[in-house]
Amino acid sequence: MFLLIAGVILWSGAHLFKRFAPTLREAMGNTGKAAIALAIFASLAMMIFGYRMADGPFFWGRSPALVGINNLMMLVAVYFLLTGEVQRKSTSVNWLRKHTKHPMLNALKTWAIAHILVNGDLASFILFGGLLTWAVIQMIVINRTEPAMPDPRSHSWMAEAKVLGATLVTLVIIMGIHYLLGYQPWG
């Protein structure tokens, strides 16, 4: 469990460093970017290996209902994620991008809650609960330091269709990868 907890703490610290110590981070220049990237990759490795090695109590097990809820929440999470990522350089955006300040952090929060619901074990509470906590803190810090600015780009149904299509394809790929890794995503 130590490796898992340390990975979540390192991930959170690396991502929040810029927000909590902006002058120190700025003074580090490009070296700081490399150091933060290395810390993030190290934290990912620690979380993956720590989660796979973790042993602890199960509070509830998988059920078809929880798997169905997880899959619906993952559809929403991927939609949030792609809303934040796909339209960075686009001239028009989908509805969610027009009305949401943190689509990628909302994606992470939805993903974390979905995985806590479907897994129900201590390792999942530590990993997904820790990342959920980080995302909430990150949103609060960003909202306090950066005022909300509405997206000036216009809404378009074509942008909406692109994100929805990309969401379905991405979700099928994610489920396929889970299946290949030995996790049954279909209940």
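Just so you know, these numbers come straight off a predicted model, no measurement behind them.

> Explain the packing of aromatic side chains to me, please; I cannot follow it from the model alone.
Any aromatic ring pair is given by two values, namely how distant the centres are and how the planes are angled relative to each other. Counted according to the given criterion, the structure contains five aromatic pairs. Here the aromatic rings of Trp111 and Phe128 are separated by 5.0 Å at their centres, their planes lie at 80°, and the arrangement is edge-to-face. Highlighted residues: Trp111 in helix α5 (residues 103-119) and Phe128 in helix α6 (residues 122-145), separated in sequence by 17 residues. Trp111 gets classed as partly exposed once you look at its relative accessible area, which sits at 25%. Judged by relative accessible area, Phe128 falls into the buried class, the value being 4%. Members of the aromatic cluster, each reached through a chain of ring pairs, are Tyr51, Trp111 and Phe128.

> Looking at this structure, how should I read the nonpolar core?
Generally speaking, a soluble globular protein has its nonpolar side chains buried in company with each other. Counting residues in hydrophobic clusters, the biggest one holds 24 residues, and the most contacted among them are Met47, Leu127 and Trp134. Mapped onto this core, the elements with two or more residues apiece are α1 (2-20), α2 (22-53), α5 and α6. The element contributing the most residues to this core is α6, with nine residues. When neighbours within four sequence positions are excluded, Met47 is seen to be in contact with Leu4, Gly7, Val8, Trp11, Leu127 and Leu131. Listed in part, the 13 residues of the second largest apolar core include Met74, Val78, Tyr79 and Ala107.

> Looking at this model, I keep getting lost on the packing of helix α3 (residues 64-85) against α5. Mind explaining?
Any two packed helices are characterised by how steeply their axes cross, that is the angle between the axes, and by the distance between the axes. One way to put it is that α3 packs onto α5 with a least axis distance of 8 Å and a crossing angle of 165°. Considering their axes alone, α3 and α5 lie roughly antiparallel with respect to each other. Crossing handedness for the pair α3 and α5: left-handed. Residue composition of the contact of α3 with α5, grouped by class: 17 nonpolar, six polar and one charged.

> I keep staring at a nonpolar patch on the surface and nothing clicks. Help me out?
Taken together, the side chains of Phe41, Leu44, Ile48, Phe49 and Met53 make up a nonpolar region of the molecular surface, amounting to roughly 560 Å² of accessible area. Note that Ile48 resides in helix α2.

> Can you help me understand the packing of α5 against α6 in this one?
Contact pair α5 / α6: the axes reach a minimum separation of 9 Å and the direction vectors enclose 155°. It follows that α5 is roughly antiparallel to α6 by the angle criterion. Seen from above, α5 lies across α6 with left-handed handedness. In contact with Leu105, Asn106, Leu108, Lys109, Trp111, Ala112, Ile113, His115, Ile116 and Asn119 of α5, α6 contributes Ser124, Phe125, Phe128, Gly129, Leu131, Leu132, Trp134, Ala135, Val136, Gln138, Met139 and Ile142. Broken down by class, the residue content of the contact of α5 with α6 amounts to 15 nonpolar, six polar and one charged.

Rules used throughout
Residues numbered from 1 in each chain as written. Predicted model: local features only at pLDDT ≥ 70, side-chain atom pairs only at ≥ 80, totals over all residues. Heavy atoms only, no water. Phe/Tyr/Trp six-rings, centres within 6.5 Å; stacked < 30°, edge-to-face > 60°. Helix = DSSP H or I, 4+ residues; strand = E, 2+ residues; numbered from the N terminus. Buried < 20%, exposed > 50% of the residue type's maximum accessible area, 1.4 Å probe, protein only. Core = buried A, V, L, I, M, F, W, Y, C linked by side-chain atoms within 4.5 Å. Contact = heavy atoms within 4.5 Å. Axes fitted to C-alpha atoms, helices over the stretch in contact; angles between N-to-C directions. Parallel < 35°, antiparallel > 145°, perpendicular 65-115°, else oblique. Left-handed = near helix turned anticlockwise from the far one by under 90°. Nonpolar A, V, L, I, M, F, W, Y, C, P; charged D, E, K, R; others polar. Patch = residues over 30% accessible without salt bridge, like charges linked within 9 Å, V, L, I, M, F, W, Y side chains within 5 Å. Areas by Shrake-Rupley, 256 points an atom, 1.4 Å probe, with all protein chains shown as cover. Salt bridge = Lys/Arg side-chain N within 4 Å of Asp/Glu carboxyl O.

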